[in-house]
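Remarks on the overall topology
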Amino acid sequence: MQSASTTNTPQHVAIIMDGNGRWAKARGLSRSAGHQKGVETLRQVVRTAGEAGVQYLTLFAFSSENWSRPQEEVGFLMGLLKKFIKRDLAELRSENVRVKIIGGRENLQSDILDLLIEAEENTKQNNGLNLVIAFNYGARDEIARATKRLAADIKSGALLPEDVCEAKISSYLDTSDIPDPDLIIRSSGEQRLSNFLLWQAAYAEFVFVDELWPDFTKDVFHRALSTYCQRDRRFGGVESAKLIATS
Ligand code: FPP
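Scope of this entry: the structure provided in the associated data block. (Residues numbered from 1 in each chain as written. Predicted model: local features only at pLDDT ≥ 70, side-chain atom pairs only at ≥ 80, totals over all residues. Heavy atoms only, no water.)

**Considerations on the packing of aromatic side chains**
All chains considered together, the criterion is met by 9 aromatic pairs. Summarising the aromatic geometry, the rings of Phe-62 and Trp-67 are spaced 4.8 Å apart at their centres and angled 75° between planes, so their arrangement reads as edge-to-face. Take Phe-62: its relative accessible area is 1%, and that puts it in the buried class. Considering the side-chain rings of Phe-206 and Phe-208, the 6.1 Å spacing of their centres and the 10° angle between planes classify their relative orientation as stacked. Among the aromatic side chains, those forming a connected cluster through ring pairs are Phe-60, Tyr-137 and Phe-196. (Phe/Tyr/Trp six-rings, centres within 6.5 Å; stacked < 30°, edge-to-face > 60°. Buried < 20%, exposed > 50% of the residue type's maximum accessible area, 1.4 Å probe, protein only.)

Next up, the structure:
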């Protein structure tokens, strides 16, 4: 994909795609129709991110809490994910997109798990945009799974308690090979994190846009990116990171 990266382009953008249901309701359509439209937006956002020079794009597609939705809606979302991978994988591969899935893999239907693995395997040679799909993902679940493995390594002697530090904990997370998000965007006017990337979001900038996810156009995305550019990131220090970089 074409890259028009500037120093101000966030390296990693993560998005909470919210508002499909409200978009559909406002039009007298089923929630499924909203999700269907949401996938079109998702495709456009992947293209726009690549063009803007974003290197990592993480999309919250299905949370570990979304299983509590009506069975029909869950089934529809599973079907959409399957269709998305089956239909779009070849294009993602040829567009040099590398796909990675984060989230719990235990207890997933075997056909879904196979598709997720296929998407990763089929694109692992690519070095363009990294598309990270958070599926069956919840940050607390991720931290609990990581802690379980870390504890097992301590028990077996593979890891010493004194070697546990922030970087070590990060290395046990699903995102071990992904930089922390610079920018987290949420659509639909809601202003919360909903158990998304809790550890990784420590220094992320947040941009909340009012548009519902199906209305999240290229322009809305560009507006969010330019809002990010105006932020002064200090990472707990006093001087602007930009000033330090240029002084
Ligand atoms: C939130 O809208 C959105 C989701 C729960 C899932 C996001 C899913 C998609 C964009 C389409 C599916 C794509 C794949 C690849 C699985 P909501 O239903 O919470 O909307 P509401 O808050 O208005 O009810």
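And the narrative resumes.
**Focus on the packing of helix α3 (residues 71-94) against helix α4 (residues 110-123)**
A packed helix pair is summarised by two numbers, namely the angle formed by the two axes and the spacing between the axes. In contact at an axis separation of 10 Å, α3 and α4 are set at 15° when each is read in the N-to-C sense. Taken together, the axis directions place α3 and α4 in an arrangement best described as roughly parallel. With respect to the hand of their crossing, α3 and α4 are arranged in left-handed fashion. In this structure, α3 uses Met-78, Leu-81, Lys-82, Ile-85, Lys-86, Leu-89 and Arg-93 to contact α4, whose residues at the interface are Asp-111, Ile-112, Leu-115, Leu-116, Glu-118, Ala-119, Asn-122 and Thr-123. Considered class by class, the residues forming the contact of α3 with α4 number 8 nonpolar, 2 polar and 5 charged. (Axes fitted to C-alpha atoms, helices over the stretch in contact; angles between N-to-C directions. Helix = DSSP H or I, 4+ residues; strand = E, 2+ residues; numbered from the N terminus. Parallel < 35°, antiparallel > 145°, perpendicular 65-115°, else oblique. Left-handed = near helix turned anticlockwise from the far one by under 90°. Contact = heavy atoms within 4.5 Å. Nonpolar A, V, L, I, M, F, W, Y, C, P; charged D, E, K, R; others polar.)

**Regarding the nonpolar core**
If you look at the biggest cluster of nonpolar residues, it comprises 45 residues, and the most contacted ones within it are Val-13, Ile-15, Leu-57, Phe-135 and Phe-221. Element by element, the count of residues in this core is highest for α3, at 9 residues. Leu-57 has contacts with Val-13, Ile-15, Val-45, Val-46, Ala-49, Leu-129, Asn-130, Leu-131 and Val-132, leaving out every residue within four places of it along the chain. Grouped together as the second largest cluster of nonpolar side chains are 16 residues, Ile-102, Ile-178, Leu-193 and Ala-201 included. (Core = buried A, V, L, I, M, F, W, Y, C linked by side-chain atoms within 4.5 Å.)

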